[in-house]
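Here is how the chains run, residue by residue.
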Amino acid sequence: MADDDPDDETVVRTAAEAAEGVVFANYRQSAVRDLDVTVTFEEGVLDVDVYLNAPDDEADPEAVADEAARAARAAVDDLFGVGGDGTADAPE
């Protein structure tokens, strides 16, 4: 890990906030019965798991959970300056 890379706590917090943001962009907070966002970042490996129990009349909970997990990974990629294809972004 480079000296200027974010610390593990920042990575986990960023991923969790991104995932929760997607969920609450699709559901009112009062409509969500249960939400569990589990994020680990160890030895450079990010693991994101999103469990969502919400009514399916507003959106498909499984699809929203999948989107939330992808958003979490994308937010961490942005932290590290990695492009969507896994390569580092070119400096501007």
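A quick note: this is a predicted structure, and the numbers were derived from the prediction, not measured. (Residues numbered from 1 in each chain as written. Predicted model: local features only at pLDDT ≥ 70, side-chain atom pairs only at ≥ 80, totals over all residues. Heavy atoms only, no water.)

Novice: Report on unusual backbone geometry, specifying residues and quantitative values.
Specialist: For Glu 43, which is not glycine, the phi torsion reads 50 degrees and is therefore positive. With respect to the helices and strands, the residue Glu 43 is situated in the loop between strand S1 (34-42) and strand S2 (45-53). Given a relative accessible area of 83%, Glu 43 falls into the exposed group. (Helix = DSSP H or I, 4+ residues; strand = E, 2+ residues; numbered from the N terminus. Buried < 20%, exposed > 50% of the residue type's maximum accessible area, 1.4 Å probe, protein only.)

Novice: Report on the pattern of salt bridges, specifying residues and quantitative values.
Specialist: With the rule as written, the count across this model stands at two salt bridges. The shortest N-O distance in the salt bridge between Glu 9 and Arg 13 comes to 3.4 Å. With Glu 9 and Arg 13 both in helix H1 (residues 8-26) and four residues apart, the pair spans about one turn of that helix. Classification of Arg 13 by relative accessible area gives partly exposed; the value is 39%. (Salt bridge = Lys/Arg side-chain N within 4 Å of Asp/Glu carboxyl O.)

Novice: Outline the environment of Asp 36, supporting the account with residue identities and numerical values.
Specialist: Inspection of the secondary structure puts Asp 36 in strand S1. Setting aside anything within four residues of it in sequence, one finds Asp 36 in contact with Asp 49, Val 50 and Tyr 51. (Contact = heavy atoms within 4.5 Å.)

Novice: Explain the environment of Pro 6 to me, and be specific about the residues and the numbers.
Specialist: Here Pro 6 shows up in the segment before H1. Judged by relative accessible area, which is 15%, Pro 6 ranks as buried. Linking Pro 6 and Phe 80, residues 74 residues apart in sequence, is a C-alpha distance of 7.5 Å.

Novice: How would you explain the pairing of S2 if you had to name every residue and give the values?
Specialist: As paired elements, S1 and S2 share nine bridges and run antiparallel to each other. Of the residues in S2, the one forming a bridge with Val 39 is Val 48. Two successive antiparallel strands, S1 and S2, enclose a turn made up of two residues, where Glu 43 displays a positive phi of approximately 50 degrees. (Pairing = 2+ DSSP bridges.)

Novice: Account for the packing of aromatic side chains, with residues named and values stated.
Specialist: Inspection of every chain in the model, using the stated rule, returns one aromatic pair. Between Phe 41 and Phe 80 the ring centres are 5.9 Å apart and the planes differ by 35 degrees, which places this aromatic pair in the tilted class. Note that Phe 41 is positioned in strand S1 and Phe 80 in helix H2 (residues 61-80), a separation of 39 residues in sequence. (Phe/Tyr/Trp six-rings, centres within 6.5 Å; stacked < 30°, edge-to-face > 60°.)

Novice: Lay out the packing of H1 against H2 in plain terms, naming residues and giving numbers.
Specialist: Put simply, H1 and H2 touch, their axes get as near as 8 Å, and they point 140 degrees apart. The handedness of the crossing between H1 and H2 comes out as right-handed. Two secondary-structure elements touch here, H1 through Thr 10, Val 11, Thr 14, Ala 15, Ala 18, Ala 19, Val 22, Val 23 and Asn 26 and H2 through Val 64, Glu 67, Ala 68, Ala 71, Ala 72, Ala 75, Val 76, Leu 79 and Phe 80. Considered class by class, the residues forming the contact of H1 with H2 number 14 nonpolar, three polar and one charged. (Axes fitted to C-alpha atoms, helices over the stretch in contact; angles between N-to-C directions. Left-handed = near helix turned anticlockwise from the far one by under 90°. Nonpolar A, V, L, I, M, F, W, Y, C, P; charged D, E, K, R; others polar.)

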